[in-house]
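Each chain, letter by letter, is given below.
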Protein chains: 2
Amino acid sequence: MQNNTPLFRYRIHLAYNGTRFFGWQIQPHQISVQECLTQALEKIVKLSGAIVGAGRTDTGVHAHSFYVHFDCEYEIDTQTITNKLNRMLPADIVIFSITAVALDFHARFSAKKRKYRYTITQTKNPFLQETAYFFPFPLNIEVMNEACKLLIGTHDFTSFSKLHTDVTNNICTIYSAQWQKNGDVLEFYIEANRFLRNMVRAITGTLLDVGQEKIDIQEFQEIIAAKNRQRAGQSIPACGLSLIDIEY
Amino acid sequence: MQNNTPLFRYRIHLAYNGTRFFGWQIQPHQISVQECLTQALEKIVKLSGAIVGAGRTDTGVHAHSFYVHFDCEYEIDTQTITNKLNRMLPADIVIFSITAVALDFHARFSAKKRKYRYTITQTKNPFLQETAYFFPFPLNIEVMNEACKLLIGTHDFTSFSKLHTDVTNNICTIYSAQWQKNGDVLEFYIEANRFLRNMVRAITGTLLDVGQEKIDIQEFQEIIAAKNRQRAGQSIPACGLSLIDIEY
């Protein structure tokens, strides 16, 4: 009988301010985006199984663009559910849209590219405390952008990955990596087919060492080649990081 | 003896995110910007008297530009004190600069013009929860800007003032008042020689009634003329309001 039940899959496009969440993924005794969203959705839709996110953002990391899929046994009115969710969810989660998708769509595995942004403010800014890392030290952006060029392409990024994660290899393809300056605010954009845990924050931290001329381009190249997390710079705070785009 | 003591006056230029403060002014049992700043300053400078702010912002109201003056009996190194204060103060208060000023300078009474901004977001935005008011209803900006023209000039603004305040009259001169649209974000800028308590939030709330065409331009004109707080629209939330400029 179960096999004949029709199934409908929907994709949710959303954003969240990660400040007060312990990341995307449900975990005991901590508030997560997945838990908030699941609880709201369960009140208005009979879900078949768990909702699946595009990836696991860490505690405090934001998402300006995030995707989720869920299944249910009947068709839903996507606009009505969108409106209801926005009224039910706290102010730090917003639903942009819900779209019907094919059953082979997968929020995580169908993603082709992901883009992150890391934001730094060089002056203390009381309006950016949640979304930028305050880093007042002088930075040489030209040199940082030179180092970025070494990231482009397919490499083993073990040097920038948290150890003991559940992935089988640390090879990623970086499509673009660049710093932009808008007054006192610096933004680092990086796009890849996949990212390892903590990778953007470790890369950004190491690029800040380059920008302060603590290490030079040659050393940055050696760090990538070393495939050793001990070699790279510090992972920097979550508040500056946001997942800004996912391409399917 | 006391009369011969030299006195030096300094002006602090600062900004604060008002979200967690119960306004500028010190009050019992509540955290205020004045208290935070006084406590930090007292640890590094021997103050002669209380620090004086440019005005009293209400609970939750922000200041992108605020001025304070204080006196002490000796000359201070303004850059050193600025740096120390920024390290001591919480992330939601930032000191831009400290400048030596004449003894007749007064942070409140020397101010010639003040400019406020009220920010509205028409779509739910998890990154603007602290600094904009979420107002999803359609608004006719052209009509709102027509109504704004009626505010310009010298008028009795009793209709937009909180009752029982300590001012002797409710006459203010408005130099400019205008709405600007940037995508889903609407900003209302208003500049005057002085503002009454709650005035910007009451004016903005009434202009939202105009924008929704609940009241027309003629009625807006009548509300101003009525000098009666009962006639105007609701005061809207503090989060969208920021003091953005003071001219001396």
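Predicted model, so just to flag it, every value in this text is computed and none were measured. Numbering of residues begins from 1 in every chain and follows the order in which that chain's sequence is written. The order in which chains are written sets their letters, starting at A; the order in which ligands are written sets their numbers, starting at 1. In view of the model being predicted, local features appear only for residues whose pLDDT reaches at least 70, and side-chain atom pairs are presented and counted only at 80 or more, with totals across whole chains, interfaces and linings using the full set of residues. Think of the side-chain values as coming from all heavy atoms in the structure, minus any hydrogens and water.

Asks: A description of the confidence of the model for chain A should follow, citing residues and the corresponding values.
Replies: pLDDT runs from 0 to 100 and stands for how confident the predictor is about each residue. Per-residue pLDDT for chain A has a mean of 94; in total, 98% of the residues score no lower than 70. If you check the scores for this complex, the pTM reads 0.90 and the ipTM reads 0.87.

Asks: Can you break down the packing of aromatic side chains residue by residue, with the values?
Replies: All names here are of chain A. Any two of the Phe, Tyr and Trp rings considered here, Trp counted by its six-membered ring, make a pair once their centres fall within 6.5 Å; the pair's planes then place it as stacked at under 30 degrees, edge-to-face at over 60, or tilted in between. A complete count under the given rule lists 22 aromatic pairs over all chains for this structure. For the ring pair Tyr67 and Tyr248, a centre distance of 5.1 Å and an interplane angle of 90° mean the geometry is edge-to-face. Of the two residues, Tyr67 sits in strand E3 (residues 62–72) while Tyr248 sits in the segment after strand E10 (241–247), which places them 181 residues apart along the sequence. Three labels apply to residues, based on accessible area from a 1.4 Å probe with only protein chains included: buried if under 20% of the type maximum, exposed if over 50%, partly exposed otherwise in between. Tyr67 sits in the buried class, given a relative accessible area of 10%. Tyr248 gets classed as partly exposed once you look at its relative accessible area, which sits at 22%. The helix count covers DSSP runs of H or I at least four residues long, the strand count covers runs of E at least two residues long, and both are numbered beginning at the N terminus.

Asks: Explain the relation of the copies chain A and chain B to me, using residue names and the numbers behind them.
Replies: The fit set for superposing copies consists of C-alpha atoms from residues with pLDDT of at least 70 in both; the fit itself is least squares. Aligned on chain B, chain A shows an RMSD of 0.0 Å; the corresponding rotation is 180° and the shift along the axis is 0.0 Å. The transformation just described matches what one would write down for a two-fold rotation axis. Only heavy atoms enter the contact rule, under which two residues are in contact if any of them lie within 4.5 Å. Of the residues that chain A buries at the interface, 100% are likewise interface residues in chain B, meaning the two copies contact each other through the same surface.

Asks: Explain the pattern of salt bridges residue by residue, including any values.
Replies: By definition, a salt bridge exists where a carboxyl oxygen of Asp or Glu is found within 4 Å of a side-chain nitrogen of Lys or Arg. For the structure shown, the criterion picks out 10 salt bridges over all chains. For the salt bridge of Arg20 of chain A with Asp92 of chain A, the shortest nitrogen-to-oxygen distance reads 2.4 Å. In this pair, Arg20 of chain A sits in the loop between strand E1 (8–16) and helix H1 (33–44) while Asp92 of chain A sits in the loop between helix H2 (78–88) and strand E4 (93–101), placing the two residues 72 residues apart along the sequence. Given the relative accessible area of 40%, Arg20 of chain A is considered partly exposed. Arg197 of chain B serves as the salt-bridge partner of Asp58 of chain B, at 2.8 Å between the closest nitrogen and oxygen. With Asp58 of chain B in the loop between strand E2 (52–53) and strand E3 (62–72) and Arg197 of chain B in the loop between strand E9 (185–192) and helix H4 (199–211), this residue pair connects regions lying 139 residues apart in the sequence. Connected via shared salt-bridge partners are Asp58, Arg197 and Arg201 of chain A.

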